[in-house]
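Tertiary structure, described
Spelled out from the first residue to the last, the chains are:
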Amino acid sequence: MASAELRDELICSICLSLYTDPVSLRCGHNFCRSCIVSVLDAQEAGGVYSCPDCRAEYPERPALEKNRKLSNIVECFLSTQPDMEKTRTFCSYCTKSPVPAVKSCLQCENSLCEDHLTVHNRTMDHVLTEPTSSFGNKKCSIHKKVLEYYCSEDDTCLCVSCCLVGKHRGHQVELLDEASEKKKKKLRKYLDKLNPQKAAIQTRIQSLQNQKGKIQEKASEKRKNMNKLFMNIKEQLEIAEKKVLSEISRQEIKMVSKICHLIKKMEIKEDKLSRKMHHVKEMCRVTDPIRLLQESDITVCSPGDDEDTGEDGGQTNSEEVGLVLGQANPKVKDNGTDPKTVLQESDQRASLSDKSVEAKEEEAAVSDEEMTDDLEDVLISSILHRSMKDVVTYVTSNFGFHVPDILLDVDTAHTYMGLSEDLRKATGLKENQGRPESPGRFQMYDQVLSRCSFSSGRHYWEVEWNQTGECGIGMSYPSIERNGDQSGIAHNDKSWSLAMCDKRCSAFSKSVKVIPDVYLTSPTFGVFLDYEAGRLSFYELCDPIRHLHTFRASFTEPLHVILYVFKGASVKIRS
């Protein structure tokens, strides 16, 4: 009983069925969206809109607002009534409780359950159809009669009156059931054609899904490998950092130790000199000449005589510049005890001693400067460079590719092509270089091959273009022609190249441009060769690095690097 009452509250007053996409008017009444739209469309001709329930009028077409809560209630109700959910059409005569309809009568415009259908068939011979709540599209919009025929000429359904009068009069018509069966037959044939297409699409989708899974799995594995690689690189960098910092600390300790030793010696000298100066100052304040001259503690001599003891057990050699006051000097004439004479001789010897001290101090200063040279930057840089080289070697070996040392072959270079001394750079020139003729030299195009060749492995190198003129970089078999049109880097099936001109590049193979012109932002390019996989890839080394093109081929000969330069262009192989 409660279910029936709830159903009554959920029925649209227009179609008398459960709400479908319920919407509300400003007056508060709810309707199925399609139902109220049909009513408003019919009212549009009169220019006045009104609610079908309360007749509230609106000067303008009212806006329809979706009633989400009512929609949710209907869905919940249907979830508890499985039979209703299947048909959504109920018997028009079972008013006490909803009973699913099994047929609908187009003449009566009612839906019937099993019991009411039996009674209906006994009394009336009407056209029955599958349960429906929309009877309008089952009848002719002109004559309001049931649609029973189909006009194949106009591809439309007709009532009896349409067949007898009007624009369809005289057309070839057939019963709806017969026309429906014919159309079903055509649809089945069409479906038979679509099924293989769908199967092929599903197979393709599955293949793409598998490929997607493999790529994701490969990317995940690559991430793990890269994380491990960078962890190892970090460890190597930390080791390199420790080596460099340890070397700096070692040099610092060594140089600082020397300087500290010199400072200590200088401090000892300074202390001795300070004590002498203090004693001399004290004597300078003595007023008694006899006491001053008889003072035996004052020795005016060179600094070397204070420290170095000599062969005589440390006695001062008075024959040099030393003079010990108060002692007899056998080599000096006795001029008596005249204080003036004695003082004059002492001053002269002291002056000579001071000059000797200054000279020795200058020598000591030069020695100190030599002892305090800068840290050895060359040694530090060498340790750092070697460590970085080990890191690069580790990375390249981890990826399994080799960075070759590529040199250009002079014996293949065109005579109007200039080569650098290190054989890494080729330039297009206007002057003949006077190279002798040889079977391997290019005669028509300004081209050159590399000395080395590649017949296996994975290799990577970089080239730089001066963004002038025209140039080409690529790979070639050694059997490429040396003269004629077929000798051009892009005019044969023995070479694969990337051509640059006016800051644009194109890829060529077998005289065919395989990609349209690509605008360049960087003059530097990376080349990757995987001989066994038959892959030759070119990259523009901008930020981020951009893939330009990859050639796929089954290589049958060793491959040489080939360069083409024209109109002042130059290409350099970066080491």
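Residues numbered from 1 in each chain as written. Predicted model: local features only at pLDDT ≥ 70, side-chain atom pairs only at ≥ 80, totals over all residues. Heavy atoms only, no water.

1. Focus: the pattern of salt bridges
Side chains that differ in charge, positive against negative, can pair when their charged atoms come close. The tally for this structure, following the rule as stated, stands at 14 salt bridges. Where D21 meets R33, a salt bridge forms, and the shortest distance between an N and an O atom there is 2.8 Å. Taken together, the positions of D21 in the loop between α1 (2–9) and β1 (22–24) and R33 in helix α2 (residues 33–43) put the pair twelve residues apart, joining distant regions of the chain. D21 sits in the partly exposed class, given a relative accessible area of 31%. Owing to a relative accessible area of 30%, R33 belongs among the partly exposed residues under this scheme. (Salt bridge = Lys/Arg side-chain N within 4 Å of Asp/Glu carboxyl O. Helix = DSSP H or I, 4+ residues; strand = E, 2+ residues; numbered from the N terminus. Buried < 20%, exposed > 50% of the residue type's maximum accessible area, 1.4 Å probe, protein only.)

2. Structural notes on helix α11 (residues 377–399)
Taking 1.5 Å per residue, 23 residues should reach 33 Å; α11 reaches 33 Å between its end C-alpha atoms and fits that length. Among all positions of α11, only I380, S387, V391 and T396 are buried. If you follow the buried residues of α11, they end up packed against α7 (176–284). (Expected span 1.5 Å × (residues − 1). Contact = heavy atoms within 4.5 Å.)

3. So, the packing of aromatic side chains
Both the distance between ring centres and the angle between the ring planes are used here to describe each pair of aromatic rings. According to the stated counting rule, one finds seven aromatic pairs in the structure shown. When the ring of W496 is compared with that of F555, the centres are 5.3 Å apart and the planes differ by 85°; the resulting orientation is edge-to-face. Taken together, the residues W496 in strand β19 (residues 495–501) and F555 in the loop between β25 (546–552) and β26 (559–566) connect sequence positions 59 residues apart. Members of the aromatic cluster, joined through ring pairs, are Y477, W496, Y531 and F555. Here the guanidinium or amino end of R482 rests over the ring plane of F442, the centre of that ring lying 5.1 Å away. (Phe/Tyr/Trp six-rings, centres within 6.5 Å; stacked < 30°, edge-to-face > 60°. Lys NZ or Arg CZ within 6 Å of the ring centre and 35° of its normal.)

4. Thoughts on α2
Among all positions in α2, only C35, I36, L40 and Q43 are buried. Seen end-on, α2 carries its buried residues on one side only, within an arc spanning 125°. Facing away from the buried side of α2 by more than 90 degrees, the exposed set consists of S34 and A42. Here the buried face of α2 lies against β1, β2 (30–32) and β3 (49–50). (Arc of directions from axis to C-beta.)

5. Focus on the state of the cysteines
Following the criterion strictly, the structure yields zero disulfides and no others. Not engaged in a disulfide, the cysteine C32 finds its nearest cysteine sulfur in C15; these two sulfurs lie 3.8 Å apart. Looking at C94, it has no disulfide partner, and the nearest cysteine sulfur is the one in C91, 3.6 Å off. Classification of C94 by relative accessible area gives buried; the value is 18%. (Disulfide = S-S within 2.5 Å.)

6. Structural notes on the sheet that holds β2
The antiparallel open sheet is built from three strands, whose spatial order is β2-β1-β5. Looking at which strands have only one partner, the edges of the open sheet turn out to be β2 and β5 (65–66). Where β1 lies against β2, three bridges are found, and the strand directions are antiparallel. Each bridged residue has a counterpart across the sheet, and for S24 the counterpart in β2 is N30. On top of the sheet, α2 reaches β1, β2 and β5; it is set at about 95° to β2, its chief contact. (Pairing = 2+ DSSP bridges. Axes fitted to C-alpha atoms, helices over the stretch in contact; angles between N-to-C directions.)

7. Observations regarding the pairing of strand β23 (residues 524–530)
With respect to burial, β23 is a largely interior element, seven of its seven residues being buried. In β23, alternate side chains face the same way, and those of T524, G526, F528 and D530 on one face and F525, V527 and L529 on the other are all buried. Where strand β17 (residues 458–465) lies against β23, seven bridges are found, and the strand directions are antiparallel. By the bridge assignment for β23, V463 is matched with F525.

8. A short note on unusual backbone geometry
Across the junction of D543 and P544, the peptide omega takes the value 0°, indicating a cis bond. Position of P544 among the secondary structure elements: in the loop between β24 (535–540) and β25. In this model, D21 sits at a positive phi of 50°, which is unusual for a non-glycine residue. A positive phi angle, close to 60°, is found at Q467, a residue other than glycine. If you trace the backbone, Q467 turns up in the loop between β17 and β18 (470–476). Residue Q467 is classed as partly exposed on the basis of its relative accessible area, which comes to 36%.

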